[in-house]
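Below, each chain spelled out in residue letters.
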Amino acid sequence: MRTIAFTTDLSGHDHLPFVHACALAAASGARLVTIHGNAPAELASTLPDAAPFAKRSAVTIDHRRVCHECCDDVRDTLLDAIQGLAPQLVICGTNARRGFAALVRGSIAAALARNLEMPALIIPNDSVGFVDEATGRLTVRALLVPAGSRAEAVRGVAAARALAELTGLELPIEIVHAGTDELAVADLGLPVMRPPGSIEAAILAAARQRPGSAIV
């Protein structure tokens, strides 16, 4: 059975990412496991509950809530729990801190994404996202894959196709490449966008051209 893992810090700020986890679990029939790190097991009942979303959207979601303890650092604790589950996708919220706050507190979502072997979907807590919360409907329209090399394109396209499969939607996939050099991806059969500027600027430009897109 496919599994989607969702990490929560119990701050209440990650409601939007949790809605996305519920919607993708419902669309794919995957089991949803919500994980909180470094808390006793009896607190599991206080973790976000998929039941209200399932009732509102008239869907069924197999949802487990888990508090996991093992390490001093919460990042290591979450990684340990996720690796034990071996999910097909991990969903995290982020506060997208900048400047001094980012330097001091860091990003748990970024740390997880860098150390996981499976794809991670990171959703800013204060963003719009691609789920209509009232209906549970997925509103994503395209998947953008930034790539500077063929290897990055191949890996990104594989992750994009896996995400598209979870949504159950026929989603167009486009590769985003910055620079004038050729990218040897003709065999992938996908269009390549070449917005001007740095890769960061190219990604932002591509996202503006494709409203409702997710960046892989």
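So, how was this worked out
- Think of each chain on its own: its residues are numbered from 1, step by step along the sequence as written.
- Reporting in this predicted model follows two pLDDT cut-offs: at least 70 for local features of residues, and 80 or more for side-chain atom pairs to be given and counted; totals over whole chains, interfaces and linings ignore these cut-offs and use all residues.
- Hydrogens are left out, water is left out, and the side-chain values use all remaining heavy atoms of the structure.
- Helix and strand assignments come from DSSP, with helices taken as H or I runs of at least 4 residues and strands as E runs of at least 2, each series counted from the N terminus.
- Buried, partly exposed and exposed residues are distinguished by accessible area as a fraction of the type maximum, computed with a 1.4 Å probe on protein chains only: under 20%, between the cut-offs, and over 50%, respectively.
- Contacts are residue-level and defined by heavy atoms, with any inter-residue pair within 4.5 Å sufficient.
- Put simply, a salt bridge is a Lys or Arg side-chain nitrogen that is within 4 Å of an Asp or Glu carboxyl oxygen.

Novice: Is there a simple way to explain unusual backbone geometry in this structure?
Specialist: Backbone geometry follows two general trends: most residues other than glycine have a negative phi, and most peptide bonds adopt the trans configuration. Here the phi dihedral of Asn-38 falls at roughly 60°; this positive angle occurs in a residue that is not glycine. Following the sequence through the fold, Asn-38 ends up in the loop between strand E2 (31–37) and helix H2 (51–57). A residue is classified by how much of its surface remains accessible, and Asn-38, at 31% relative accessible area, is partly exposed. The phi angle at Ala-58 is positive, at roughly 60°, despite the residue not being glycine. You can see Ala-58 is positioned in the loop between H2 and strand E3 (63–68).

Novice: Explain the side chain of His-177 here, please?
Specialist: Considering the arrangement of structural elements, one finds His-177 in the loop between strand E9 (173–176) and strand E10 (192–193). Not counting chain neighbours up to four residues away, the residues in contact with His-177 comprise Ala-147, Gly-148, Leu-183, Val-192, Met-193, Arg-194 and Pro-195.

Novice: Which parts of the structure should I look at to understand the pattern of salt bridges?
Specialist: Pairing between side chains of opposite charge can happen when their charged atoms approach one another. If you walk through the whole model with that rule in mind, you get six salt bridges. With a closest N to O distance of 3.6 Å, Asp-73 and Arg-75 form a salt bridge. By relative accessible area, Asp-73 is classed as partly exposed at 31%. You can call Arg-75 partly exposed: its relative accessible area is 23%.

Novice: What is the right way to look at the side chain of Asn-125 in this model?
Specialist: Counting through the fold element by element, Asn-125 comes out in the loop between strand E5 (120–124) and strand E6 (131–132). Other than its neighbours up to four places away in sequence, Asn-125 contacts His-13, Asp-14, Leu-16, Pro-17, Gly-93, Thr-94 and Asn-95.

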